[in-house]
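Given next are the chains, with one letter for each unit.
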Amino acid sequence: SLPIRPGDWRDLMAEIPLRNYEFHLSFLDVVGLAGFPFEALFGVSANNPKFSVHAPDYLDAYRLLDPFSEDRETRQKSLGLLESVGDFALELAQRQGSAVTVVSSLSQFSGSRDNFFGRVAELFTEINKPGVRFSLQWLPPYAWYFGGSFPLNLVNSGADLEPIKQEEIPITLDTSHLLMGVHAGRY
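Here is a short report on the structure shown in this document. Computed from a predicted model, the values in this text were never measured in an experiment.

Moving residue by residue along a regular strand, the side chains alternate between the two faces of the sheet. Taken together, the three bridges between strand E1 (residues 2-4) and strand E2 (residues 20-24) define a ladder with parallel strand orientation. Paired with Pro3 across the strands is Glu22, a residue of E2. For the crossover that starts at E1, traverses helix H1 (residues 9-15) and ends in the parallel E2, the hand is right-handed. Pairing of E2 with strand E3 (residues 50-54) involves five bridges; the strand directions are parallel. Each residue of the ladder has a partner; that of Asn20, found in E3, is Lys50.

Time to look at the pairing of strand E4 (residues 100-104). Of all five residues making up E4, four are buried, and the element is well covered by its neighbours. For E3 and E4, the ladder comprises two bridges, and the chain directions are parallel. Its bridge partner lying in E4, Val53 is registered against Val102. Handedness of the crossover is the feature at issue here: the chain leaves E3, passes through helix H4 (residues 72-96), returns alongside E4, and the resulting connection is right-handed. The sheet contact formed by E4 and strand E5 (residues 132-137) spans five bridges and is parallel. If you follow Val102 over to E5, its bridge partner there is Phe134.

Scoring rules and cut-offs
Residues numbered from 1 in each chain as written. Predicted model: local features only at pLDDT ≥ 70, side-chain atom pairs only at ≥ 80, totals over all residues. Heavy atoms only, no water. Pairing = 2+ DSSP bridges. Helix = DSSP H or I, 4+ residues; strand = E, 2+ residues; numbered from the N terminus. Right-handed = clockwise from strand over helix to strand, strands pointing away. Buried < 20%, exposed > 50% of the residue type's maximum accessible area, 1.4 Å probe, protein only.

Shown next, in the form of structure tokens:
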């Protein structure tokens, strides 16, 4: 899927007529989704496009999305943001007539690795909607959060495969992230 944003989708879809696009949202994009012109979106291409959605990595300019945070405000705002993204994806699913995957980069967790995957499975069960399926994104060993190199220790190593399978968590494989993990010796 070609990543597009709510502010540039019209130009990109006209210039690069594909079948698959992914709305890669920022936290500011989510605020502006009310009143999104869905009718125009599905009228711009003759290719009968299909969409996926990438939830924001950031909750705001200072915090990562973290629905498991020990900080109540961060947790509640993260859950609210995921709910809004799910509502947008639901509208896309209804209009395109097929399910929409919401890709989520969940990289923060203060508990054990084993508990993380159980909590993700519970979260996705709670926030999935008919026609909307949340998915974990395979992450790189180092993320470019806040303009720097931020080490990540979840959803990016061979040790994560078994709990992902056991919990039946949908996973979206980012091949560039996978290759970075291979080069970092994570497999």
